[in-house]
Amino acid sequence: LVLSRRCGSASLIRSSLGNLGQLQFTVGDLDSSVALLNEAVDCGPKVGEAYAGLLETMARVQLARGRVDESHNLLREVEGLVTATHQSRYVGRH
């Protein structure tokens, strides 16, 4: 993350934050995971596969916290993004 920030690339910073958020989730530090994932979401556009991946991880964290409704809402947002992304691609033209 330090090197990503030094480089100044928003996509690298977002990826680093997302990876650290996933790591914190994996080791059970849900509060740190949420903070890192929220920061990652704020680093870039709220469209595309990278954003969908962040939301999916956030949904997993919320599910682990017992917040089923929040998890469900995040997954519905992911579903909408995936559908929109697929339709905008050449293979999704029909």
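Just above, that's the structure.
My aim in this report is to walk through the structure given alongside it, one point at a time. (Residues numbered from 1 in each chain as written. Predicted model: local features only at pLDDT ≥ 70, side-chain atom pairs only at ≥ 80, totals over all residues. Heavy atoms only, no water.)

## A word on the environment of L12
At step 1: Note on placement: L12 falls in helix α2 (residues 10-26).
At step 2: Residue L12 is classed as partly exposed on the basis of its relative accessible area, which comes to 41%.
At step 3: For the pair formed by L12 and L1, sequence separation is 11 residues and the distance between their alpha carbons is 8.1 Å.
At step 4: The residues contacting L12, other than those within four sequence positions of it, are S4 and C7. (Helix = DSSP H or I, 4+ residues; strand = E, 2+ residues; numbered from the N terminus. Buried < 20%, exposed > 50% of the residue type's maximum accessible area, 1.4 Å probe, protein only. Contact = heavy atoms within 4.5 Å.)

## Describing the side chain of S33
At step 1: With respect to the helices and strands, S33 occurs in helix α3 (residues 30-42).
At step 2: Taking the relative accessible area as the measure of exposure, S33 reaches 0% and is therefore buried.
At step 3: Here S33 is in contact with G21, Q24, F25 and V61, once residues within four sequence places are set aside.

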